[in-house]
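Chain by chain, the residues:
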Amino acid sequence: MATEISGTKRPGGRTERTRLAALDATLALLGERGYAELTVEAVAERSGVHKTTLYRRWESAEGLVAAALLMGAEQEWAVPDTGSLEGDLRAVNLELVRYFTTPGERELPTASISAAFLSPRAAEALREFYVDRHARSAAAVTRAIERGEVPPGTDPVEAVRVACGPIFYRLFVSREGVTPADAGVAAAAAAAAAKAGVFTATNGGTASPPA
């Protein structure tokens, strides 16, 4: 979810650079220490932004974490286009597996989810992040509808949820680990259900627009 700071001047000038420095430092410390051990003082030391500025803008460590988690929605990301719904969903799931299992990378997303159980503001920020990801991922289902691969009225977001759900279940509920093969099975199951019309309103789906 972190956003890299480049040497290129960004809109907002110094204020924007200060924001990015503070929030990138917050994400780094969240991954290293976890939410419970993250402090405004540590963010100030890591970022070089004075703690008075941090308190004035974000009020607390909780506010910093919530703002930092929302930075993920600023990143450029699009669901892969493999030419089939199953292929697209598999690609999304493989990205999840990599992100949550690779040493040196898994610490931040894991800590982000843990923070959501400890902080209402972090929980809301993480929910907003996944609303954005769901909306972008829905493009895979929209393409499948246009190809005639799945029925019109298929709920794009629900299909994505069903594809990704088993990954999160294995990681955070059953704690049994997850593999690329598991990612493929979950994607195939969701794609098969979508083709069968499970996610249409007539079969109990919400058929809601991406949200």
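Residues numbered from 1 in each chain as written. Predicted model: local features only at pLDDT ≥ 70, side-chain atom pairs only at ≥ 80, totals over all residues. Heavy atoms only, no water.

In the annotation of an unreviewed UniProt entry, the protein is listed under the name TetR family transcriptional regulator and assigned to Amycolatopsis vastitatis.

*Asks:* Whenever I open this one, the nonpolar core confuses me. Can you help?
*Replies:* What tends to happen in soluble globular proteins is that the nonpolar side chains get buried as a cluster. By size, the foremost hydrophobic cluster in this structure holds 30 residues, and its most contacted members are Leu 85, Leu 89, Phe 100 and Ile 167. Where this core is concerned, the elements lending two or more residues are α5 (85–101), α6 (107–118), α7 (120–147), α8 (156–172) and α9 (180–195). Sequence-distant contacts of Phe 100, that is, excluding residues within four places in its chain, are made with Arg 106, Pro 109, Thr 110, Ile 113, Tyr 130, Phe 168, Leu 171 and Phe 172. Residues Ala 68, Met 71, Ala 111 and Ala 125 belong to the second largest nonpolar core, which totals 29 residues. (Core = buried A, V, L, I, M, F, W, Y, C linked by side-chain atoms within 4.5 Å. Buried < 20%, exposed > 50% of the residue type's maximum accessible area, 1.4 Å probe, protein only. Helix = DSSP H or I, 4+ residues; strand = E, 2+ residues; numbered from the N terminus. Contact = heavy atoms within 4.5 Å.)

*Asks:* Explanation requested: unusual backbone geometry in the structure shown.
*Replies:* Glycine aside, negative phi is the norm for most residues, and most peptide bonds take the trans geometry. Located in the positive-phi region is Glu 59, a residue other than glycine, with phi close to 75°. Among the secondary structure elements, Glu 59 is positioned in the loop between α3 (51–58) and α4 (61–70). When its relative accessible area of 57% is taken as the criterion, Glu 59 is described as exposed. Backbone geometry places Arg 175, a non-glycine residue, at a positive phi of 55°. Relative to the assigned elements, Arg 175 resides in the loop between α8 and α9.

*Asks:* Honestly, α6 in this entry has me stumped. Any pointers?
*Replies:* Residues that lie three or four places apart on an α-helix share one face, since the helix turns once every 3.6 residues. A rise of 1.5 Å per residue sets the reference length of α6, with its twelve residues, at 16 Å; its end C-alpha atoms lie 17 Å apart and thus fit the reference within 8%. Restricting attention to buried positions, one finds in α6 the residues Leu 108, Pro 109, Ala 111, Ser 112, Ile 113, Ala 115 and Ala 116. Here the buried face of α6 lies against α1 (14–33), α4, α5, α7 and α8. (Expected span 1.5 Å × (residues − 1).)

*Asks:* Hey, could you run me through the side chain of Asp 155 in this one?
*Replies:* You can see Asp 155 is positioned in the loop between α7 and α8. Among buried charged residues, Asp 155 stands out as having no salt bridge; its nearest opposite-charge side chain is Arg 161, 5.5 Å away. Within polar-contact distance, the side chain of Asp 155 engages the backbone nitrogen of Glu 158 at 3.2 Å. (Lys, Arg positive; Asp, Glu negative; His and termini not counted. Salt bridge = Lys/Arg side-chain N within 4 Å of Asp/Glu carboxyl O. Polar contact = N/O pair within 3.5 Å; in protein donor to acceptor, adjacent residues only side chain to side chain.)

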